[in-house]
Amino acid sequence: MRELPAALGHPDDQIRYLAWTFLGMAGVERGDLEGAEQCYTEALRLFPAGQIAMLARSEAAYLSGRGVEAAGQVVSMLRIQRKEDPWWMYLLGDWWHYEARLIRLRAEALR
């Protein structure tokens, strides 16, 4: 799992958001719920309206026995009007390669 910590140094906030989110998910799988919540909080510093990180942080709170807090976090998430979350673009595929591929395609076309 060397790739995720390495992605935390990437200049793109979207990549770092996804890395923090995936690291949180890995923490939940390992049983490190406190660490997972910290990862989700870091993701939310980058994208405060990130529904996936909010929902995942709520799950970690629920699994930690803090059901009322977890429910409150979900309610807060549902009240947010903006739906900006890199997760949705991630699900569409290799979006983060778009710029590099476009540059390469233009270079080939101009040759």
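Keep in mind that what you see is a predicted model, and the values were worked out from it rather than measured.

Visitor: Would you take a moment to explain the overall build of the protein chain for this structure?
Guide: On a plain count of helices and strands, the protein chain comes out with seven helices and zero strands. Listing the helices and strands of the protein chain from first to last along the sequence gives α-α-α-α-α-α-α. Here the C-alpha atoms of the protein chain give a radius of gyration of 17 Å, more than 25% beyond the 13 Å that 2.2 N^0.38 yields for 111 residues. Each of the three principal axes of the protein chain carries a C-alpha extent, and together these read 60 × 35 × 20 Å. Taken over 111 residues, the protein chain has a buried fraction of 35%. Excluding contacts between residues fewer than 6 apart, the proportion of contacts in the protein chain whose partners are at least 24 apart in sequence is 52%. When the accessible surface of the protein chain is split by element, carbon and sulfur atoms take 59% of a total near 7,300 Å².

Visitor: What exactly am I supposed to notice about the side chain of Arg16 here?
Guide: Among the secondary structure elements, Arg16 is positioned in helix H2 (residues 13–30). Reaching out from Arg16, the side chain makes a polar contact with the backbone oxygen of Pro11 at a distance of 3.3 Å.

Visitor: For this particular structure, what's the right way to read helix H4 (residues 51–63)?
Guide: Structurally, the α-helix is built with 3.6 residues per turn, so residues lying three or four positions apart point the same way. Taking 1.5 Å of rise per residue, 13 residues should cover 18 Å, and H4 covers 18 Å from first to last C-alpha, within 8% of that figure. Just past H4, the residue Gly65 takes up positive phi, approximately 90°.

Visitor: In this structure, what is going on with the nonpolar core? I would like to understand it.
Guide: Soluble globular proteins tend to pack their nonpolar side chains together in the buried interior. Counting residues in each nonpolar core, the largest one holds 10 residues, listed as Tyr17, Leu18, Ala43, Leu44, Phe47, Ile52, Ala53, Met54, Met77 and Trp87. Elements with a contribution of two residues or more to this core: H2, helix H3 (33–46) and H4. Take this core: its biggest share by element is three residues, from H4. Non-local contacts of Met54, meaning those with residues more than four positions away in its chain, are made with Leu44, Pro48, Ala49, Gln73, Met77 and Ile80. Val28, Leu33, Ala36 and Ala60 belong to the second-largest nonpolar core, a separate cluster that totals six residues.

Visitor: For this particular structure, what's the right way to read the environment of Pro86?
Guide: Looking at where Pro86 falls in the secondary structure, it is placed in helix H6 (residues 86–90). For the pair Pro86 and Met54, spaced 32 residues apart in the sequence, the C-alpha separation amounts to 13 Å.

Visitor: Even after reading the chapter, I still don't get the pattern of salt bridges, so can you show me in this structure?
Guide: Once the charged atoms of two side chains with opposite charge are near each other, the side chains can pair. Per the stated rule, a full pass over the model turns up five salt bridges. Close ionic contact of Asp13 with Arg16 constitutes a salt bridge, the shortest N to O distance being 2.2 Å. With Asp13 and Arg16 both in helix H2 and three residues apart, the pair spans about one turn of that helix. Residue Arg30 pairs with Asp32 through a salt bridge whose shortest N-O separation is 4.0 Å. Owing to a relative accessible area of 34%, Asp32 belongs among the partly exposed residues under this scheme. Linked by salt bridges that have partners in common, Glu37, Arg66 and Glu69 make up one network.

Visitor: How should H2 be read in this particular structure?
Guide: The end-to-end C-alpha distance of H2, which contains 18 residues, comes to 25 Å, matching closely the 26 Å that a straight helix rising 1.5 Å per residue would cover. Capping of H2 at its N-terminal end is provided by Asp12; its side-chain oxygen lies 2.7 Å from the backbone amide nitrogen of Gln14. Where H2 terminates, the next one or two residues include Gly31, which has phi positive at roughly 90°.

Visitor: Can you walk me through the confidence of the model for the protein chain in this structure?
Guide: In low-pLDDT regions, the fine details of the predicted coordinates are not to be read closely. Here the protein chain averages 88 in pLDDT, and 91% of its residues register 70 or above. Confidence, read as mean pLDDT per element, is least for H6 in the protein chain (74) and greatest for H3 (97).

Reading guide: rules and limits
- Residue numbers restart at each chain and count upward from 1, following the sequence in its written direction.
- Restriction of local features to residues with pLDDT of at least 70 applies here, the model being predicted, together with a cutoff of 80 or more for giving and counting side-chain atom pairs; totals for whole chains, interfaces and linings are based on all residues.
- Each side-chain value is derived from all of the structure's non-hydrogen atoms; neither hydrogens nor water enter the calculation.
- Each helix is a run of DSSP H or I of at least 4 residues and each strand a run of E of at least 2, with the numbering of both proceeding from the N terminus.
- The globule rule used here is 2.2 Å times the number of residues to the 0.38 power, and the radius of gyration it is set against is calculated over C-alpha atoms.
- For each residue, the accessible area found with a 1.4 Å probe, counting protein chains only, is set against the maximum for its type, and the residue is called buried under 20%, exposed over 50%, and partly exposed in between.
- In what follows, a contact means two residues having at least one pair of non-hydrogen atoms within 4.5 Å.
- Note that accessible areas follow from Shrake-Rupley with a 1.4 Å probe, and for residues the cover is restricted to the protein chains shown.
- A 3.5 Å cut-off defines polar contacts: any pair of N or O atoms within that distance qualifies, except that in protein one atom must be a possible hydrogen donor and the other a possible acceptor, and neighbouring residues in sequence count only when both atoms are side-chain atoms.
- The span one expects for a helix is its residue count, reduced by one, times 1.5 Å.
- Buried residues of nine kinds, namely Ala, Val, Leu, Ile, Met, Phe, Trp, Tyr and Cys, make up a nonpolar core once their side-chain atoms join them within 4.5 Å.
- A carboxyl oxygen of Asp or Glu within 4 Å of a side-chain nitrogen of Lys or Arg is what we treat as a salt bridge.
- Per-residue confidence from the predictor is reported as pLDDT, a score between 0 and 100.

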